Amino acid sequence: MPAPQYSNPIILDALETVFAKAENGASCSCTHTGIGAIALLFETVLRANSKILVEKDCYGGTYRLLQVYKDKYNVEVFFADFTDLSEIQNLLETEKFDLVLCESPTNPGMKIIDLRELARLAKNNGSKFAVDNSLATFASQKPLDLGADFSVFSATKYISGHGSTVAGALVSKSEEDGEKVAYFANAEGRSQNPFDVFLISLGIPTLPLRLKHHEQSAIQIADYLEKHPKVNKLVYPGSKNHPQHELAKSQMKIFPGVLTVHMQNVETAEKLVATTHWFGEKASFGTADSRIEIPAKISHASFSKEDLQAIGIFPSTVRLSIGLEHIDDLLEDLENALK
Ligand SMILES: Cc1ncc(COP(=O)(O)O)c(C=O)c1O
């Protein structure tokens, strides 16, 4: 495969080098969006009639893209619960996959996947293993160090951090995979443009500091919401009550600022979204401003009703992205909205 003929040595190559180093990978290709990076991963690894195993709790855009590959290229998509390691082991013993893909933490269910174990199982199967690192980011978690072949992420979120641009990246552990990725990035014109690369680069120096702040506020808000009578259940990996809290600590240095809240009923969920002052109703997360949404209505609207129920996400489920505003303002806002 010939090396790519086009590049932008001053700024695009520089950002790709930073991302590759930050993820401890051999190389990186930056794309226009996070979902563009996932499409680039699929283009690189999948072919007609391929089999892919995907954690069923995944971003709505990934789910939608998988439907495209299913319909157009006859790719067989297997959805499974990756926290059930015996189910995964059985599947990997009976089917041969080209790609195993998961997020950790998952969006919107906030499950934690044992990435070391998944990497081992995928390797035994002869499959490539890719992790969507959008929620954790490389400042907190390094999937390639845990055994993955690819780390793919949306830089639209915590990395850019200010909601000023959209971008994605696909980092390969091996040079060989990296060359294949670069070939498709070039052939399909997926590379990010210099101005957006510049905008993304502005977020990088403050990423660890911002993440720490998001985490500290999210822990306090989780603590408040967990005890609230109008909340049925709160799912946050940074909470000691999360079933995989210890696993999360062993894979991530900083917990993200995203919380999934199962409200008492749909009415309470909708009222919360409509009434908060500091939380804007938006599909994305990971920005300086706080955000709120009902995944069933916005970020995961492409899911079938059955598949959404299968991952435990209902019209009464709310996703909060805790921003960098003062914690007292956020707590007061939630308290007023829940009155
Ligand atoms: C886990 C995850 N991966 C990928 C994406 C896609 O990112 P982008 O919006 O940059 O296309 C999203 C978007 O919400 C996401 O939540």
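What you see is a predicted model; the values in this text were computed from it and never measured. (Residues numbered from 1 in each chain as written. Predicted model: local features only at pLDDT ≥ 70, side-chain atom pairs only at ≥ 80, totals over all residues.)

J.: Can you lay out the overall build of the chain for me, pointing to particular residues and giving the numbers?
T.: When you go through the chain residue by residue, the secondary structure sums to twelve helices and twelve strands. Against the compact-globule benchmark of 20 Å for 339 residues, the chain has a radius of gyration of 19 Å, which places it among compact chains. Structurally, the chain occupies a C-alpha span of about 60 × 50 × 35 Å along its principal axes. Buried positions account for 51% of the 339 residues belonging to the chain. For the chain, restricting intrachain contacts to residue pairs at least 6 apart in sequence, the fraction spanning at least 24 positions comes to 72%. (Helix = DSSP H or I, 4+ residues; strand = E, 2+ residues; numbered from the N terminus. Rg over C-alpha atoms; globule rule 2.2 N^0.38 Å. Buried ≥ 20, exposed ≤ 12 C-beta atoms within 10 Å, placed from the backbone. Contact = placed C-beta atoms within 7 Å.)

J.: For unusual backbone geometry, give the residues involved together with the corresponding values.
T.: Omega for the peptide link from Ser104 to Pro105 comes to -5 degrees, which places this bond in the cis form. Here the residue pair Asn107 and Pro108 is connected by a cis peptide bond, since its omega of 15 degrees sits within 30 degrees of zero. Its place among the elements puts Pro108 in the loop between strand 4 (99-103) and helix 5 (115-125). A positive phi is found at Met110, a non-glycine position, where the angle reads about 60 degrees. Notably, Thr137 is not glycine yet its phi reads approximately 75 degrees, a positive angle. By secondary structure assignment, the location of Thr137 is in the loop between strand 5 (128-132) and strand 6 (150-154).

J.: Quick one: what's the story with the packing of helix 2 (residues 34-45) against helix 6 (residues 175-187), residue by residue and with numbers?
T.: Taken N-terminus to C-terminus, the directions of helix 2 and helix 6 make an angle of 115 degrees; their axes are 9 Å apart at the nearest point. Taken as axis vectors, helix 2 and helix 6 run roughly perpendicular relative to one another. Of the two possible hands of crossing, helix 2 and helix 6 adopt the one that is right-handed. Together, Leu40, Glu43 and Thr44 of helix 2 and Lys180, Val181, Phe184 and Ala185 of helix 6 make up the contact between the two elements. (Axes fitted to C-alpha atoms, helices over the stretch in contact; angles between N-to-C directions. Parallel < 35°, antiparallel > 145°, perpendicular 65-115°, else oblique. Left-handed = near helix turned anticlockwise from the far one by under 90°.)

J.: Now, about the sheet that holds strand 9 (residues 258-263): what can you tell me, with residues and values included?
T.: The sheet built from five strands is open, its strands ordered 8-9-12-11-10 with mixed pairing. With partners counted over all chains shown, the strands left at the sheet margins are strand 8 (231-235) and strand 10 (280-281), one partner each. Where strand 10 and strand 11 (residues 291-293) come together, two bridges link them in parallel fashion. Residue pairing in the sheet places Glu281 in a bridge with Ile292 of strand 11. (Pairing = 2+ DSSP bridges.)

J.: Can you tell me about the site of the ligand, naming the residues and giving the values?
T.: Around the ligand sit 16 residues in total, of which Thr33, Gly34, Tyr59, Ser154 and Thr156 are the nearest. Within the shell around the ligand, the residues separate by chemical class into four nonpolar, ten polar and two charged. (Near = placed C-beta within 6 Å. Nonpolar A, V, L, I, M, F, W, Y, C, P; charged D, E, K, R; others polar.)

J.: Can you explain the domain arrangement of the chain? Please cite residues and give values.
T.: Here the chain is partitioned into domain 1 (12-203) and domain 2 (207-338). Between domain 1 and domain 2, the C-alpha centre-to-centre distance is 23 Å. In this assembly, 29 residues from domain 1 lie in contact with 35 residues from domain 2. The greatest single-element share of the side of domain 1 that touches domain 2, amounting to three residues, is contributed by helix 3 (residues 60-73). Taken together, the residues of the side of domain 1 that touches domain 2 sort by class into twelve nonpolar, eleven polar and six charged. (Domains from an automatic or database assignment.)

J.: Outline the environment of Glu23, listing residues and values.
T.: Checked against the element boundaries, Glu23 lands in the loop between helix 1 (12-22) and strand 1 (27-31). Under the C-beta neighbour-count criterion, Glu23 is labelled buried, with 28 such atoms within 10 Å. Separated by 114 residues in sequence, Glu23 and Thr137 place their C-alpha atoms 8.9 Å apart. Beyond its immediate chain neighbours, meaning those up to four positions away, Glu23 contacts Phe138, Lys142, Leu144, Ser151 and Val171.

J.: Describe helix 10 (residues 266-275), listing the residues and the values that go with them.
T.: Within helix 10, the full set of buried residues consists of Ala269, Leu272 and Val273. One side of helix 10 holds all its buried residues, which, seen down the axis, span an arc of 95 degrees. In this structure, helix 10 carries Glu267 and Ala274 as exposed residues pointing more than 90 degrees from its buried face. Looking at the buried positions of helix 10, the neighbouring elements they touch are strand 9, strand 10, strand 11, strand 12 (317-321) and helix 12 (327-337). (Arc of directions from axis to C-beta.)

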